[in-house]
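# A look at the structure
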Amino acid sequence: MSLKCGIVGLPNVGKSTLFNCIGSGKAQSANFPFCTIEPNLGCINVPDRRLEVLADICKPQRVIPATVEIVDIAGLVKGASKGEGLGNQFLANIRETDAILHVLRCFDDPNIVHVDGSVDPVRDMEVVETELQIKDLDTVTARLKKVEKQATTGGDKDARKLYNLLLRYKSALESGKSCRTVVPETPEEAALAKEQFLLTDKPVMYVCNVDDASAAAGNRYVDAVREAVRDESAEILVVAARTEAEIAEMDSYEDRKMFLDELGLEESGAVRLVRGAYRLLNLQTFFTAGADECRAWTINKGDKAPRAAGVIHTDFEKGFIRAEVIKYEDFVKYRTEAAVRAAGKMGVEGKDYVVQDGDIIHFLFNV
């Protein structure tokens, strides 16, 4: 599975600048509203030192890290859900993302125009969230009309379950709450909820875009954001996006390290963003390793071996027989699969094995 995140926010808060510091694409960034017209698409490798170590041991022909796809859309403004500005055209581009990166302006700069005339990240957050809620309410209302007859008079049990879920969404949205506040009551309902692709049902990371002086410790704007979302299960990332975008363009590791040191940071914003997204979505990594290829794979925490096998290929899950599992630490210690096996450190696991972060797995299957 590939993680996909959508960037939202008001115009001129630093969305495209953030995109440029984390994505491989280059988005236009300028000091006027709606400079992003077409959605920007980028991709970032998931940083994982373990994959580097495995590659150093195996000397494979290919090293393939896990990736995160990033979608950057036009800035949203009040009324975007009804066609104001440009943002409404592009909400569809983030509907199928796994998570939302909500960029908030948390810096003062008289030379950069704010669409509402002043810096207030909590107000900005509420404006964007309200527009997403309105869009979701339109979607939910339309779907209720479509499924109502089947649910109320047709005796369709699945339609009834969806109808009841949509009613709960509608109630929450009409009271100014996001869909993520509606907790699925059963695993079946959770699956139904995921299929709706509602914007406000997605996990959110609030990205506080600050000046260089606030990159390490934050500032009063960041404190206000933390207070506003303290009851949410959301991630908060503090990043000086403009400087980090400049750092991302540097070829020299030493130069990048020097700039990060000056900001008081050990890791770049891109690395911290990816790790935060993994925490937010409850994701983890397993590896396949050999002479041909060392590769990182992304799965949900709690996934069992067949589900993990299916990430590689659906045939692996359908014909799953067993999984040969090596713990990362054991592979690093013994250096080869044969040595691990000789030391009795290779586990042979069945369908009920819950994959652990860092496992190195060889799947056996038959179809």
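Residues numbered from 1 in each chain as written. Predicted model: local features only at pLDDT ≥ 70, side-chain atom pairs only at ≥ 80, totals over all residues. Heavy atoms only, no water.

What follows deals with the nonpolar core. Ranked by internal contacts, the top residues of the largest apolar core, which has 75 residues, are Leu18, Ile22 and Leu101. Among the elements that line this core, the one with the most residues is helix H9 (residues 269–280), at six residues. Residues Leu144, Ala151, Tyr169 and Cys179 belong to the second largest nonpolar core, which totals 17 residues. (Core = buried A, V, L, I, M, F, W, Y, C linked by side-chain atoms within 4.5 Å. Buried < 20%, exposed > 50% of the residue type's maximum accessible area, 1.4 Å probe, protein only. Helix = DSSP H or I, 4+ residues; strand = E, 2+ residues; numbered from the N terminus.)

It is worth spelling out the confidence of the model for the protein at this point. When pLDDT is averaged along the protein, the result is 89, and 91% of the positions lie at 70 or above. Segment residues 24–37 is flagged for pLDDT under 50; beyond a separation of four residues in sequence, or across chains, it makes 41 contacts in the model. (pLDDT = per-residue confidence, 0-100. Contact = heavy atoms within 4.5 Å.)

With phi around 65 degrees, Asn12 is a residue other than glycine that occupies positive phi space. By the secondary structure assignment, Asn12 is in the loop between strand E1 (3–8) and helix H1 (15–22). On the basis of relative accessibility, which here comes to 14%, the residue Asn12 falls in the buried class. Residue Phe197 is not a glycine yet carries a positive backbone phi of 50 degrees. By relative accessible area, Phe197 is classed as partly exposed at 35%.

Looking now at the side chain of Arg50. Checked against the element boundaries, Arg50 lands in helix H2 (residues 49–58). Residue classification places Arg50 among the buried residues on the basis of a relative accessible area of 19%. Separated by 3.0 Å, the side chains of Arg50 and Asp357 make a polar contact. The residues touching Arg50, leaving out its near neighbours within four places in the chain, are Thr285, Phe287, Tyr328, Asp357 and Gly358. (Polar contact = N/O pair within 3.5 Å; in protein donor to acceptor, adjacent residues only side chain to side chain.)

With that settled, the discussion passes to the packing of aromatic side chains. Applying the stated rule across the entire model yields four aromatic pairs. Judged by centre distance (6.0 Å) and plane angle (85 degrees), the rings of Phe286 and Phe363 are edge-to-face. Of the two residues, Phe286 is situated in strand E8 (residues 283–289) and Phe363 in strand E12 (residues 360–365); the sequence distance between them amounts to 77 residues. The exposure class assigned to Phe286 is buried, which follows from its relative accessible area of 0%. Residue Phe363 is classed as buried on the basis of its relative accessible area, which comes to 7%. (Phe/Tyr/Trp six-rings, centres within 6.5 Å; stacked < 30°, edge-to-face > 60°.)

Turning our attention to the packing of helix H7 (residues 241–248) against helix H8 (residues 253–263). Between H7 and H8, whose axes approach to 9 Å, the crossing angle comes to 160 degrees. One way to sum up the angle between H7 and H8 is to call them roughly antiparallel. At the point where H7 passes H8, the crossing takes the left-handed sense. Of the residues in H8, those in contact with Thr243, Glu244 and Ile247 of H7 are Arg256, Phe259, Leu260 and Leu263. In the contact of H7 with H8, the residues fall into four nonpolar, one polar and two charged. (Axes fitted to C-alpha atoms, helices over the stretch in contact; angles between N-to-C directions. Parallel < 35°, antiparallel > 145°, perpendicular 65-115°, else oblique. Left-handed = near helix turned anticlockwise from the far one by under 90°. Nonpolar A, V, L, I, M, F, W, Y, C, P; charged D, E, K, R; others polar.)

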